[in-house]
Amino acid sequence: KIANMQLRKFVVAGNPLKGAAANFADKGPDALLGYLRKLKEAQADGELNLSFESISGFPIEAANPIMQVLYLNDNQISELPMFSAASMINVTELNLENNQLQSLPSTVAEMTAVTKLGLSGNSLKHLPPALGSLPNMRELHLDAN
C-alpha cells in the first residue's frame, strides 16, 4: 500500500537502514519505493535484479531461501558479509560482476545449488578453496580480476 501514498514529506534520517535500503533511501522516495517493489516481486518469482543501482552494500534481503537468481552486477559492492549462505540454499545464479570485491567469504561453499557464478571485473586476489566443492557449478566467470 505504500506505493499508493501521496507523500508530501520523506524523512529517513536517524533510521537503522543499512546496505542497499540505505542507498535507495538516499536517492529519495521514488527510488526507495522502487526497491521495495523489486523485493516484493522477488518474493513472488525468486529473482532479484539490482544491477546498475550504485549500491555499495550487499542487500541482506537477498539472503533468503526464496531467492533463486540474484543480479547484483555493476554496483559498488566491496564485500560480502559472513552471511549465512545456508539461507541462500536455492540460489542457482549469482551475478556479482563489475563490483569492488577483494575477497569472498568461505561460506559461499554452502550455496550448493549455484550453477552459475559471475565474479568478473572485481579485484579478487584469492578465492576460498571451498569454492571448488560446489557440486552443481557449471559456469564460473573470473576474468578481469
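Residues numbered from 1 in each chain as written. Predicted model: local features only at pLDDT ≥ 70, side-chain atom pairs only at ≥ 80, totals over all residues. Heavy atoms only, no water.

(A) Molecular detail of the sheet that holds strand E4 (residues 116-118). A sheet is described by the order of its strands in space; here 5 strands give the open sequence E1-E2-E3-E4-E5, paired in parallel fashion. Strands at the two margins of the open sheet, each flanked by one partner only, are strand E1 (47-49) and strand E5 (139-141). When strand polarity is set aside, the average angle formed by the axes of neighbouring strands in this sheet is 5°. Inspection of the sheet shows E4 paired to E5 by 3 bridges, in the parallel sense. Note that in E5 the partner of glycine 118 across the bridge is histidine 141. (Pairing = 2+ DSSP bridges. Helix = DSSP H or I, 4+ residues; strand = E, 2+ residues; numbered from the N terminus. Axes fitted to C-alpha atoms, helices over the stretch in contact; angles between N-to-C directions.)

(B) Structural view of the nonpolar core. In terms of nonpolar packing, the biggest core is built from 34 residues, with Tyr35, Leu48, Leu70, Val91, Leu94, Leu96 and Leu101 touching the most fellow members. When contributions to this core are tallied by element, the ones reaching two or more residues are helix H1 (19-27) and helix H2 (29-45). (Core = buried A, V, L, I, M, F, W, Y, C linked by side-chain atoms within 4.5 Å. Buried < 20%, exposed > 50% of the residue type's maximum accessible area, 1.4 Å probe, protein only.)

(C) Inspection of the environment of serine 54 at higher detail. Counting through the fold element by element, serine 54 comes out in the loop between E1 and strand E2 (69-71). Take serine 54: its relative accessible area is 38%, and that puts it in the partly exposed class. When the C-alpha atoms of serine 54 and alanine 20 are compared, they prove to be 8.9 Å apart, with 34 residues separating the residues in sequence. Sequence-distant contacts of serine 54, that is, excluding residues within four places in its chain, are made with Asn23, Lys27, Asn75 and Gln76. (Contact = heavy atoms within 4.5 Å.)

(D) Main features of the pattern of salt bridges. Following the criterion strictly, the structure yields 4 salt bridges and no others. Between lysine 38 and glutamate 53 there is a salt bridge, with its nearest N and O atoms 2.7 Å apart. Residue lysine 38 is found in helix H2, and its partner glutamate 53 is found in the loop between E1 and E2; the two are separated by 15 residues along the sequence. The partly exposed category is assigned to lysine 38, whose relative accessible area is 27%. (Salt bridge = Lys/Arg side-chain N within 4 Å of Asp/Glu carboxyl O.)

(E) Focus on unusual backbone geometry. With phi around 60°, serine 54 is a residue other than glycine that occupies positive phi space. Positioned with a positive phi, asparagine 98 is a non-glycine residue whose angle comes to about 55°. Looking at the element boundaries, asparagine 98 is found in the loop between strand E3 (93-95) and E4. Relative accessible area serves as the criterion here: at 36%, asparagine 98 is assigned to the partly exposed category.

(F) Highlighting the side chain of asparagine 122. Position of asparagine 122 relative to the elements: it lies in the loop between E4 and E5. At 3.2 Å, the side chain of asparagine 122 forms a polar contact with the backbone nitrogen of asparagine 99. Within the structure, asparagine 122 has its side chain in polar contact with the backbone oxygen of serine 120 (distance 3.4 Å). Ignoring any residue separated from it by four or fewer positions in sequence, one finds asparagine 122 in contact with Leu96, Glu97, Asn98, Asn99, Gln100, Leu101, Ala144 and Asn145. (Polar contact = N/O pair within 3.5 Å; in protein donor to acceptor, adjacent residues only side chain to side chain.)

(G) Representation of the packing of aromatic side chains in the model. Under the defined criterion, the tally for this structure stands at 1 aromatic pair. Here the aromatic rings of phenylalanine 24 and tyrosine 35 are separated by 4.5 Å at their centres, their planes lie at 15°, and the arrangement is stacked. A residue pair is termed long-range when its members are at least 10 positions apart, and phenylalanine 24 in helix H1 and tyrosine 35 in helix H2 qualify at 11 residues. For the pair shown, phenylalanine 24 and tyrosine 35 are each scored as buried. Lysine 27 extends its terminal NZ or CZ atom over the ring of phenylalanine 24, reaching a point 5.0 Å from the ring centre. (Phe/Tyr/Trp six-rings, centres within 6.5 Å; stacked < 30°, edge-to-face > 60°. Lys NZ or Arg CZ within 6 Å of the ring centre and 35° of its normal.)

Structural measurements only, silent on function.
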